[in-house]
Amino acid sequence: MKKILTPNQLHLVDQQTINKEGINSLDLTKRASSAALIAMLEDFTDLLKDPVVLVCGKGNNGADGLQIAKLLQQLGAKPLVYLLQSAEYSPDNLASQKSLADILPLNLTEEIILPEHGFIIDCLFGFGLKKELGSSWKPLIDRINSFQGTVLSIDMPSGLPSDTSLSVNSPCVHADKVYTFELPKWSLLMPENAKYVPAFRIVSIDLEQEAIQSLETQNYYLGKEDGQERIIPRSKFSHKGTYGHALIIGGSLGKIGAPLLCSKAAMRSGCGLLDVLVPQCGQSIIHTAHPEAMLLSDSGEEVLRDFNLPKTYQAIAVGIGMGQDEETIRGFDLFLQSLEQNQALVLDADALNILAKNPTWISNLPKETILSPHPKELSRLIGEWHSDEEKLLKAKEFAQRHQHIVLIKGAHTAIVCPDGSVYFNSTGNPGMATAGSGDTLTGILVGLLAQGMSSTDAAILGVYIHGYAADLAANELSEIALIASDIIRYLPKAWLELQR
Ligand SMILES: NC(=O)C1=CN([C@@H]2O[C@H](COP(=O)(O)OP(=O)(O)OC[C@H]3O[C@@H](n4cnc5c(N)ncnc54)[C@H](O)[C@@H]3O)[C@@H](O)[C@H]2O)[C@@H](O)CC1
Ligand SMILES: [K+]
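Here the structure is a predicted model, which means the values were calculated and not measured. (Residues numbered from 1 in each chain as written. Chains lettered and ligands numbered in written order. Predicted model: local features only at pLDDT ≥ 70, side-chain atom pairs only at ≥ 80, totals over all residues. Heavy atoms only, no water.)

1. A word on the environment of Arg305
Item 1. As for its placement among the helices and strands, Arg305 is situated in the loop between strand E12 (294–296) and strand E13 (315–318).
Item 2. Taking the C-alpha atoms as reference, Arg305 lies 55 Å from Lys131; in sequence the two are 174 residues apart.
Item 3. Ignoring any residue separated from it by four or fewer positions in sequence, one finds Arg305 in contact with Asp298, Ser299, Gly300, Glu327 and Gly331. (Helix = DSSP H or I, 4+ residues; strand = E, 2+ residues; numbered from the N terminus. Contact = heavy atoms within 4.5 Å.)

2. Points about the sheet that holds strand E7 (residues 177–181)
Item 1. Here we have seven strands laid out as an open sheet, ordered E4-E3-E2-E5-E6-E7-E8, and parallel in their pairing. On the outer flanks of this sheet lie strand E4 (103–106) and strand E8 (200–203), each paired with one strand and no other. The sheet shows a mean angle of 20° between the axes of neighbouring strands, direction not considered.
Item 2. Sheet contacts for helix H3 (residues 60–74): strand E2 (52–56), strand E3 (80–84), E4, strand E5 (119–123), strand E6 (150–154) and E7; angle to E2, the most-contacted strand, approximately 155°. (Pairing = 2+ DSSP bridges. Axes fitted to C-alpha atoms, helices over the stretch in contact; angles between N-to-C directions.)

3. Quick look at the packing of aromatic side chains
Item 1. With the rule as written, the count across this model stands at eight aromatic pairs.
Item 2. Plain terms: the ring middles of Tyr220 and Tyr423 are 5.3 Å apart, the flat faces sit at 20° to each other, and that makes the pair stacked. Here the residue Tyr220 occupies a position in strand E9 (residues 219–221), and Tyr423 occupies one in strand E18 (residues 422–424), the gap between them amounting to 203 residues. Note on accessibility: Tyr220 and Tyr423 belong to one class, buried.
Item 3. Their ring planes at 25° and their centres at 6.2 Å tell us that Phe332 and Phe335 sit as a pair that is stacked. Pair noted here: Phe332 and Phe335 are both in helix H10 (residues 326–338), with a separation of three residues, about one helical turn.
Item 4. We classify Phe335 as buried; its relative accessible area is 1%.
Item 5. Linked through ring pairs, Phe307, Phe332 and Phe335 together constitute an aromatic cluster. (Phe/Tyr/Trp six-rings, centres within 6.5 Å; stacked < 30°, edge-to-face > 60°. Buried < 20%, exposed > 50% of the residue type's maximum accessible area, 1.4 Å probe, protein only.)

4. Points about the domain arrangement of the protein
Item 1. Under the domain assignment, the protein is made up of domain 1 (2–216) and domain 2 (224–499).
Item 2. In this structure, domain 1 and domain 2 have C-alpha centres spaced 40 Å apart.
Item 3. Tallying the contact residues gives nine residues for domain 1 and seven residues for domain 2.
Item 4. Across the interface of domain 1 and domain 2, roughly 750 Å² is buried in total on both sides, 62% from carbon and sulfur atoms.
Item 5. Joining domain 1 to domain 2, the criterion identifies zero salt bridges.
Item 6. Inspection of the domain 1/domain 2 interface yields two residue pairs in polar contact (both at pLDDT 80 or more).
Item 7. Of the residues assigned to the side of domain 1 that touches domain 2, the class counts are six nonpolar, two polar and one charged. (Domains from an automatic or database assignment. Buried area = accessible area lost by both parts, 1.4 Å probe. Salt bridge = Lys/Arg side-chain N within 4 Å of Asp/Glu carboxyl O. Polar contact = N/O pair within 3.5 Å; in protein donor to acceptor, adjacent residues only side chain to side chain. Nonpolar A, V, L, I, M, F, W, Y, C, P; charged D, E, K, R; others polar.)

As structure tokens, then:
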């Protein structure tokens, strides 16, 4: 997994790389610039053919821009280079200016000339932005944002601080894609910044890994290796009991599809045995549609009421499609009271809504329960928020106070852990914004927990593979057509790929 660091820590890593390698800062800038250009050329082959305008600031982000311009010239392109007029350029910036002819002055009061199409490479500010840009920057940023072509930002979209939320009206470049160096930055992962960062690519520049390892953070970005490391191998002499017995509790009249999707996803994630507890109206549906699952009977006709568990389970998921009938709420209360403190548990949907209305019941949850709310359910649990930063803080406070794991689902789902760590996911796509997608995640989670995985590991692997299966599905079926059943259908392929 990659660490998400603060600007001060990023400066430190740059500095330690320079010291350790015995290079100077300009060498690192050149390395970064050529890596960024290679990545941009891979994504946009027209970069050497179409008009390119580089807009450079006075710091090292601007130095990156000047170096990229030089490389583009060497490749035969004729980029227009604007450089912010300043009395205090960084040393790398000054050195980079010397190797480039025809630099156009950039003043905040004068309009820059832009072509009808092509590219702007935005190198005004990177992680060195100290505070939000003032209103004097608005005309320039508005001009960049009105460009009809493609806007590529180096390291950060200029105007976006790397580790805090941005006020609504603050000027900021709306990039089409951001090429960020070595490590993802916190604000690139926040949903509220999607308009500035619809996509980003991490460009490796071989920064000193030891320096990165030595720095403390609570924020991490998950990669494929984090999923791979957590896969549970199947052993030759194992039997179905080896891989745990899971239980799914949910469903109500008209909402039997939810526990059905959940139970299929659980078994496609490797658990050995699975029981499903649904009201009577759902029993033949589950039996017919998912013959591998076993059914527990509940006396409730249309809604669950008994929550009667004949045996113990390695893991239980509860809440999907369950509804909030009075009888269900009563049964759920008794169920929570009956739980052992070491019971692995996932709560979703109506289980969370019922908890939000009865907050004292939270104390009955076993430690490290995974709570998998959608945004509405989350706000009922932790209260409203005004920014993604506040949402994360509140979720963190909740996770630490109650010692549970809270998932903030969405693009870059955040796994908020009881020790304050937050893991941001790197897989998934907007096709997952579809009915039942969350039910499949809950199924994967309970399937993994049943195999004896810790809640944090199950959340990391579960969230990662859920998005990974959806990415494989979307590649073949499109994001538009993607439905929750497709995520389950592509789980086998996702496991195969992850095991490679
Ligand atoms: N050698 C290095 O340290 C490397 C740096 N790199 C690049 O350097 C960037 C960081 O460079 P810098 O630290 O020079 O920072 P930036 O280039 O991001 O910007 C810093 C400059 O902007 C000014 N500034 C900050 N906030 C402002 C505001 N609100 N209004 C007006 N001016 C403001 C600062 O006074 C400073 O002059 C990275 O984002 C990356 O693009 C890369 O080339 C990798 C290597
Ligand atoms: K930038």
